[in-house]
Structure formats: structure tokens, C-alpha cells
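# Tertiary structure, described
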Amino acid sequence: MIKSKYVSRTHASNSWPEIPRPAAAFDAGRQQYRGGALLEELERRDIAGADRVVGLIDADVYAPGLNFIFGQAMKPGRFAVVALPRLRARPERVLKVTVHELGHSFGFAHCSDTNCVMRFANAVGDLDRQGFRYCALERRPR
Ligand SMILES: [Zn+2]
Ligand SMILES: [Zn+2]
């Protein structure tokens, strides 16, 4: 399992109610949801007491300028979304994207370290090559 202290110190809950997919976030022409609109929906339905809220959606998601995205986060912010369809063949991919998006929520940028979880990935092969951890750059004191 994940040994990262960032993850192991986190209390995660999956007991929150399911949120209906927001129709306004769906692009019928693309048959995809727009990530930014999903983040806005999470913000509207904020969960009291949660430091971070990660929405999982079982639908394909895009951002303007990209054919699809694995996830998106407010940077920095409290809300992130992870799209499952392209990831679910290997559950560790879901975990990596979640850790990556949480990193953005803490203000981390993309990283050039090939093993770093903050490396930009736009193919599952990229995800499989990168690690689960933030590298020394993100872990440095700020
Ligand atoms: Zn990213
Ligand atoms: Zn890094």
C-alpha cells in the first residue's frame, strides 16, 4: 500500500452522499463533462469540516484545449475531481491521479522529475511510469 506520509496521515471518508451529475457541466457534442464545471458543483455542495473534497465521476472529463483529462483541481483550493473511466483498469492509477490533484490543491505545479506524482500525465503509460510520491521539490519546507 501507499507509504507516503501525506496519504497515510489523511483521514478519508467515502460516506458522503452521491451527487447527481450536473447537466450544465455536460458537453453533448463531446459527450464529456467539463472539469471546471464539476469543481464548481463540488464547491456549491461543499462538505462542512472537510479540508479537501475529491469528487470521483464515472464519466469522461475534459478541459478546454485538451481531449480529455484524468482529473482537475482548484490550484490552490479545496476541490478536486478524478474521472474514473480511463483509470479503472488499474486502481493504482486512480490513486496516483488523486494524489496528483490533491498536490495541485495544495498549490503544487507540474514537476519534471520522472518519478514524481506531480509529473504531468496525459496517457496511462505516463501514469504507470511515475511514482505515488511527491519528490523533494514538493516536500521542501516553504
Ligand atoms: Zn496536473
Ligand atoms: Zn516533484
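Positions within a chain are numbered from 1, following the residues in the order the chain's sequence is written. Written order decides the labels, with chains lettered from A and ligands numbered from 1. Local features are withheld for residues below a pLDDT of 70 in this predicted model, meaning they are given only at 70 or higher, and side-chain atom pairs are given and counted only at 80 or more; totals for whole chains, interfaces and linings count all residues.

## Here we look at the pairing of strand β7 (residues 79-83)
Exposure is read from a count of other C-beta atoms within 10 Å of each residue's own; the residue is exposed at 12 or fewer, buried at 20 or more and partly exposed in between. C-beta atoms are placed from the backbone. Helix numbering and strand numbering both begin at the N terminus, where a helix is a DSSP run of H or I of at least 4 residues and a strand a DSSP run of E of at least 2. β7 sits mainly inside the fold: five of its five residues count as buried. Covered by surrounding structure in β7 are Phe79, Val81 and Ala83 together with Ala80 and Val82, the residues of both alternating faces. Criterion used throughout: strands pair if DSSP finds at least two bridges between them. Alignment of strand β3 (residues 53-57) against β7, held across five bridges, turns out to be parallel. Note that in β7 the partner of Val53 across the bridge is Phe79. Pairing geometry for strand β6 (residues 71-73) and β7, over three bridges, is antiparallel. Across the sheet, the residue bridging to Gly71 is Val82, located in β7. Linkage of β6 to β7, two consecutive antiparallel strands, is achieved through a turn of five residues.

## Observations concerning the environment of Pro85
Its place among the elements puts Pro85 in the loop between β7 and α3 (91-105). Taking C-alpha positions, Pro85 is 6.3 Å from Asp60, a pair spaced 25 residues apart along the chain. By the convention adopted here, residues are in contact when the distance between their C-beta atoms, placed from the backbone, does not exceed 7 Å. In contact with Pro85, other than residues within four places in its own chain, are Asp58, Ala59 and Asp60.

## Remarks on the nonpolar core
Counting 28 residues, the largest nonpolar core has Leu38, Val61, Phe70, Val81, Val82 and Ala83 as its most contacted members. When residues of this core are traced back to their parent elements, those giving at least two are α2 (35-44), β7 and α3. Those residues in contact with Val81 that lie beyond four places of it in its chain are Gly35, Leu38, Leu39, Leu42, Gly55, Ile57, Val61, Gly71 and Gln72. Take the buried Ala, Val, Leu, Ile, Met, Phe, Trp, Tyr and Cys residues, join any whose C-beta atoms are within 7 Å, and the set you get is a nonpolar core.

## Focus: the sheet that holds strand β5 (residues 66-69)
The mixed open sheet is built from four strands, whose spatial order is β1-β2-β4-β5. Whereas interior strands pair on both sides, the edge strands pair on one side only; in this sheet they are β1 (26-27) and β5. Pairing analysis gives two bridges linking β1 to strand β2 (residues 32-34), with the strands arranged antiparallel. Opposite Phe26, over in β2, you have Tyr33 as the bridge partner.

## Here we look at the confidence of the model for the chain
Predicted confidence across the chain gives a mean pLDDT of 90, with 89% of residues reaching 70 or more. Residue-level confidence of the predictor is what pLDDT reports, using numbers from 0 through 100. Below pLDDT 50 for its whole length, residues 1-9 participates in nine contacts with residues either more than four positions away or in separate chains.

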